[in-house]
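Summary of structural features
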2 protein chains.
Amino acid sequence: MFYIIGLGLCDEKDITVRGLEAIKGCSRVYLEAYTSILMVQKERLEAFYGKDLILADRDMVETESDEILRDADKKDVALLVVGDPFGATTHTDIILRARSLKIPVRVVHNASIMNAIGACGLQLYNFGQTVSLVFFSETWKPDSFYDRIKENADLGMHTLVLLDIKVKEQSEENLARGRKIYEPPRYMSITQAVSQLIEIEELREGGILTPDKTLAIAMSRVGGSEGQERIVSGTLSELLSQPPEVFGEPLHSLVIVGRRLHHLEVEYAETFAVNRESWRSTARDVYGCALD
Amino acid sequence: MFYIIGLGLCDEKDITVRGLEAIKGCSRVYLEAYTSILMVQKERLEAFYGKDLILADRDMVETESDEILRDADKKDVALLVVGDPFGATTHTDIILRARSLKIPVRVVHNASIMNAIGACGLQLYNFGQTVSLVFFSETWKPDSFYDRIKENADLGMHTLVLLDIKVKEQSEENLARGRKIYEPPRYMSITQAVSQLIEIEELREGGILTPDKTLAIAMSRVGGSEGQERIVSGTLSELLSQPPEVFGEPLHSLVIVGRRLHHLEVEYAETFAVNRESWRSTARDVYGCALD
């Protein structure tokens, strides 16, 4: 059996009992290290699971899937992934490969940012499509996310914005010289994300990401223990004005609030507001939300 | 501390290790029995958790939240919910109440249909808003879901359709006589759901739920063990023509496939097709998907 096991959001205890039992019976256990970041070290997972873990980076999962799947028709092999196996990055490729090799596959689901984002208090069924925001460079500022957010905004829906992560990047020099030396990982901050959104709004002028009128909710380490998880709500300009430490440690995600905003959603997220009064007044005056 | 703990999708082993540890330390543990169904009996959960569970129905969670929250500032109390605490039905009300009572709250996330639906092979980030489909009666056929699906379809997005559940229904007679006698639970079948969709399409003629041209994927008991989880893909009319047992036991969910369909998604879901050839030809000819 080939298991793909979601580890959930934060640390070693977010695995399900089903997932943990499966790991304990496996001959080989791979830990996928690229789709997201773990908030915990590999060694801590190994100690908790009682198993050595083989790190599988992007290259390996994509190009060496046969090695991962080796003997999985006779023995149990697991691939551990952060979040859910069908989260932001899916694992359909390796499952298709397993199927073609006639290897039985079992998926063990878990929470991912795609559902845990509900912790911000906005109703999940009012979210439209999810978008990804990549690091801008001087010469490359891909802005197709703007069209997606606008599609959602035009329908009044909320948008989950996933912020870029750069892991195993090579400097131009190292790349040119073929040296496999990697830069430290980079995680997009809320400040950078909001700046990029506003930069493209100024260019495109769709009126959907207006600094003083668009509400957003910043989240980090969703599902983490006290002091880890952070939720901060406010207008884009309020979020932009906060010092970075307000938003906590990466990973960060950002929700753009749509017009189909219910007063209970406003009330729930008010607890996290940079400024409760402007949160409420923007919801009432700009979003047309029925509040006292 | 007041814990709201997601139980995940299927049975007692889908709880996370974090959730299980929290339960073991609690003075009182409530099991919410209404938002969805459990695929497992209360007694089995109790045996596994080593705790008695207090059943909390809709009435209780909505109107007796203070009883649930009693002493949670001094002792640990948990409310267990199927899926994730912020799934299709959220628990923001009771969290707001806990906050107003100055009771600390900790949410333990888990998989829910809102992210596990990715198991059908369609990319989660291409889903639009989620809709609910309620049981039609002779006199009541609410069709606002149609507008929501159309909004998604116009943008090419997939739609997750959650099918109605009737739990603790009273017959008209029992209701009139004030007798608290409840009908057995009812779960909408895939056949009924597809019939209702087509019925409204015939009325509204938006061309988004065409029996021979619209692709859909039926799912039941997502994340369940072999023989439990079922995934069936096809045109609406193909799904309609299947005998009920093909779709397995409830709960069922249905995905309406949007035009932003990638060939890898087609390939992945082809395994589950009623008819592989028509699945591919519809994807190619109607959806314009680049396939061989």
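This write-up is about the structure you can find in this document.

The rules behind each value
- Residues numbered from 1 in each chain as written.
- Chains lettered and ligands numbered in written order.
- Predicted model: local features only at pLDDT ≥ 70, side-chain atom pairs only at ≥ 80, totals over all residues.
- Heavy atoms only, no water.
- Least-squares fit on C-alpha atoms with pLDDT ≥ 70 in both.
- Contact = heavy atoms within 4.5 Å.
- Salt bridge = Lys/Arg side-chain N within 4 Å of Asp/Glu carboxyl O.
- Polar contact = N/O pair within 3.5 Å; in protein donor to acceptor, adjacent residues only side chain to side chain.
- Helix = DSSP H or I, 4+ residues; strand = E, 2+ residues; numbered from the N terminus.
- Nonpolar A, V, L, I, M, F, W, Y, C, P; charged D, E, K, R; others polar.
- Buried < 20%, exposed > 50% of the residue type's maximum accessible area, 1.4 Å probe, protein only.
- Pairing = 2+ DSSP bridges.
- Axes fitted to C-alpha atoms, helices over the stretch in contact; angles between N-to-C directions.
- Parallel < 35°, antiparallel > 145°, perpendicular 65-115°, else oblique.
- Left-handed = near helix turned anticlockwise from the far one by under 90°.

Regarding the relation of the copies chain A and chain B
In screw terms, the move from chain A to chain B is a rotation of 180° and a rise of 0.0 Å along the axis, fitting with an RMSD of 0.0 Å. The superposition operator between the copies reduces to a two-fold rotation axis. Taken as a fraction of all interface residues of chain A, those also at the interface in chain B reach 100%, which identifies the copy contact as same-surface.

Examining the interface of chain A and chain B
The parts lose accessible area when they come together, and the size of an interface is often stated as this lost area. Residue-level contacts link 56 residues of chain A with 56 residues of chain B. Summed over the shared surface of chain A and chain B, the number is eight salt bridges. B:Lys13 serves as the salt-bridge partner of A:Glu21, at 3.1 Å between the closest nitrogen and oxygen. Here chain A and chain B share 31 residue pairs in polar contact (both at pLDDT 80 or more) between them. Where the side of chain A that touches chain B is concerned, the elements lending two or more residues are α1 (17–24), α5 (92–100), α6 (113–116), α7 (144–154) and α11 (263–270) of chain A. Of all the elements, α5(A) adds the most residues to the side of chain A that touches chain B, at five residues. In terms of residue class, the side of chain A that touches chain B is made up of 23 nonpolar, 19 polar and 14 charged.

Observations regarding the pairing of strand β2 (residues 28–32) of chain A
Residues and elements named next belong to chain A. The element β2 is largely enclosed, with a buried count of five among its five residues. Side chains Arg-28, Tyr-30 and Glu-32 of β2 all project onto a buried face; the interleaved residues Val-29 and Leu-31 project onto the opposite face, where all are buried too. Of the pairings in the sheet, the one linking β2 to strand β4 (residues 77–81) comprises four bridges and is parallel in character. What sits directly across from Val-29, in β4, is Ala-78. Judged from the three bridges that link them, β2 and strand β3 (residues 54–56) form a sheet pairing that is parallel. Each residue of the ladder has a partner; that of Leu-31, found in β3, is Leu-55.

Concerning the packing of α11(A) against helix α5 (residues 92–100) of chain B
At their nearest, the axes of α11(A) and α5(B) sit 11 Å apart, and the two run at 40° to each other. With respect to α5(B), the axis of α11(A) lies oblique. Here the hand of the crossing between α11(A) and α5(B) comes out left-handed. Across from A:Leu264, A:Glu267 and A:Tyr268 in α11(A), the residues of α5(B) making contact are B:Thr92, B:Asp93, B:Ile95, B:Leu96 and B:Arg99.

Shape is all these values report; function is a separate question.
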